[in-house]
Amino acid sequence: MDTRGRMYWYVGPAELKELVRAGGEGRSVRSAVDFGVWASGLTLDELAEPFTFVVDAGGMLRLAPRRSEHVVCAGGEEVLSAGEMSFHEESGRWEVEEVSNQSTGYCPDVISWPAVAEALDRIGIQRPSGFTHEVVFRCCCSCRELNIVREEDFVCVFCGEDLPREWNVAELDR
């Protein structure tokens, strides 16, 4: 099943996009075996932290260390989703323990979950039924600042104006 949805372009600071280098994107994961081989080369400390992830335009899951920039992980390209993801091994099989759409560089909407689910299903890694932590991003129509909505409080933290109920980060300049 192909549930390709909205594409998200990078809306973060320009200086972070300048970190993108050819060949420096995140590790493309093609199968559970591929993930297992990659994970076996990581330290326990590295495996204990969530990873930066993107689902690229082709639906491929890419992973990088947590403190990596999403735009670098994506090679500067548009994505179907982005966030953080943690894994654990259960009876010799890798499973996603937690996953969020927390990426202030791409600000993906919570409706980007199907792209994540499809990428994980394709490679055979068990997953939850949705984001375990959803981040709601909105752009203020008045001051143009990016906001993270907390506790359903759709008010701009910068200017106090009401924020739209629908995702609108695409309105930010590219």
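Residues numbered from 1 in each chain as written. Predicted model: local features only at pLDDT ≥ 70, side-chain atom pairs only at ≥ 80, totals over all residues. Heavy atoms only, no water.

A.B. asks: So what exactly am I meant to see when it comes to the packing of aromatic side chains here?
C.D. replies: Think of a pair of aromatic rings as described by two things: how far the centres are apart, and how the planes are tilted against each other in angle. Inspection of every chain in the model, using the stated rule, returns eight aromatic pairs. An angle of 90° between the planes, with centres 5.2 Å apart, marks the rings of Y8 and W167 as edge-to-face. A residue pair is termed long-range when its members are at least 10 positions apart, and Y8 in the segment before α1 (14-17) and W167 in the segment after β7 (146-149) qualify at 159 residues. Through a chain of ring-to-ring contacts, the aromatic side chains of F35, W38, F51, F87 and W94 assemble into a single cluster. (Phe/Tyr/Trp six-rings, centres within 6.5 Å; stacked < 30°, edge-to-face > 60°. Helix = DSSP H or I, 4+ residues; strand = E, 2+ residues; numbered from the N terminus.)

A.B. asks: Before we go on, may I ask you to explain the environment of F131 in this structure?
C.D. replies: For F131, the location among the structural elements is in the loop between α5 (113-123) and β6 (136-139). Note on F131: relative accessible area 9%, which makes it buried. Sequence spacing of F131 and S40 is 91 residues, and the spatial spacing of their C-alpha atoms is 25 Å. In this view, F131 contacts F53, S81, V99, S100, N101, D109, V110, S112, W113 and V116; residues no more than four positions away in its chain are not counted. (Buried < 20%, exposed > 50% of the residue type's maximum accessible area, 1.4 Å probe, protein only. Contact = heavy atoms within 4.5 Å.)

A.B. asks: How should I be thinking about helix α2 (residues 32-40) in this particular structure?
C.D. replies: Note on helix geometry: an α-helix contains 3.6 residues per turn, so any two residues three or four positions apart are oriented the same way. The set of residues buried in α2 consists of D34, F35, W38 and A39. What you see down the axis of α2 is that its buried residues fit within an arc of 130°, all on one side. Along α2, the residues that are exposed and aim more than 90 degrees away from the buried face are V33, V37 and S40. (Arc of directions from axis to C-beta.)

A.B. asks: Help me out: how do you make sense of the sheet that holds strand β5 (residues 93-100) in this one?
C.D. replies: Pairing is antiparallel in the open sheet, where five strands are placed in the order β1-β3-β2-β4-β5. Looking along the sheet, the strands with just one partner apiece sit at the ends: β1 (27-29) and β5. Taken pair by pair, the neighbouring strands of this sheet meet at an average axis angle of 40°, ignoring direction. Here five bridges tie strand β2 (residues 51-56) to strand β3 (residues 61-65), and the two strands are oriented antiparallel to one another. (Pairing = 2+ DSSP bridges. Axes fitted to C-alpha atoms, helices over the stretch in contact; angles between N-to-C directions.)

A.B. asks: Sorry if this is basic, but what is going on with the nonpolar core here?
C.D. replies: It is characteristic of soluble globular proteins that their nonpolar side chains tend to be buried jointly. Ranked by size, the top nonpolar core spans 26 residues in total, and within it F35, F53, L61, L63, M85, F87 and V116 carry the most contacts. In terms of residues, this core owes the most to one element, α5, which gives seven residues. The next biggest cluster of nonpolar side chains, apart from the first, holds 19 residues, and it includes V72, V79, Y106 and C139. (Core = buried A, V, L, I, M, F, W, Y, C linked by side-chain atoms within 4.5 Å.)

A.B. asks: Could you clarify how one ought to interpret the side chain of D56 in this entry?
C.D. replies: Assignment of secondary structure puts D56 in strand β2. Since its relative accessible area comes to 11%, D56 is described here as buried. Of the polar contacts made by the side chain of D56, one reaches the backbone nitrogen of G58; its length is 3.0 Å. Dropping the residues within four chain positions of it, D56 is found in contact with R62 and L80. (Polar contact = N/O pair within 3.5 Å; in protein donor to acceptor, adjacent residues only side chain to side chain.)

A.B. asks: Could you clarify how one ought to interpret the confidence of the model for the protein chain in this entry?
C.D. replies: Per-residue pLDDT for the protein chain averages 93, and the proportion of residues at 70 or more is 97%. Put simply, helix α3 (residues 44-48) is where the protein chain has its lowest mean pLDDT, 91, and β2 is where it has its highest, 98. (pLDDT = per-residue confidence, 0-100.)

A.B. asks: Would you explain unusual backbone geometry in this entry?
C.D. replies: In the Ramachandran plot, C107 falls in the positive-phi region, its phi being about 50° despite a non-glycine side chain. By secondary structure assignment, the location of C107 is in the loop between β5 and α5. Even without being glycine, E152 reaches a positive phi, approximately 60°. Residue classification places E152 among the exposed positions, given a relative accessible area of 60%.

A.B. asks: Would you explain the environment of V136 in this entry?
C.D. replies: Inspection of the secondary structure assignment puts V136 in strand β6. Sequence-wise, V136 and R6 are 130 residues apart; in three dimensions their C-alpha atoms are separated by 15 Å. Here V136 is in contact with N147, I148, V149 and F154, once residues within four sequence places are set aside.

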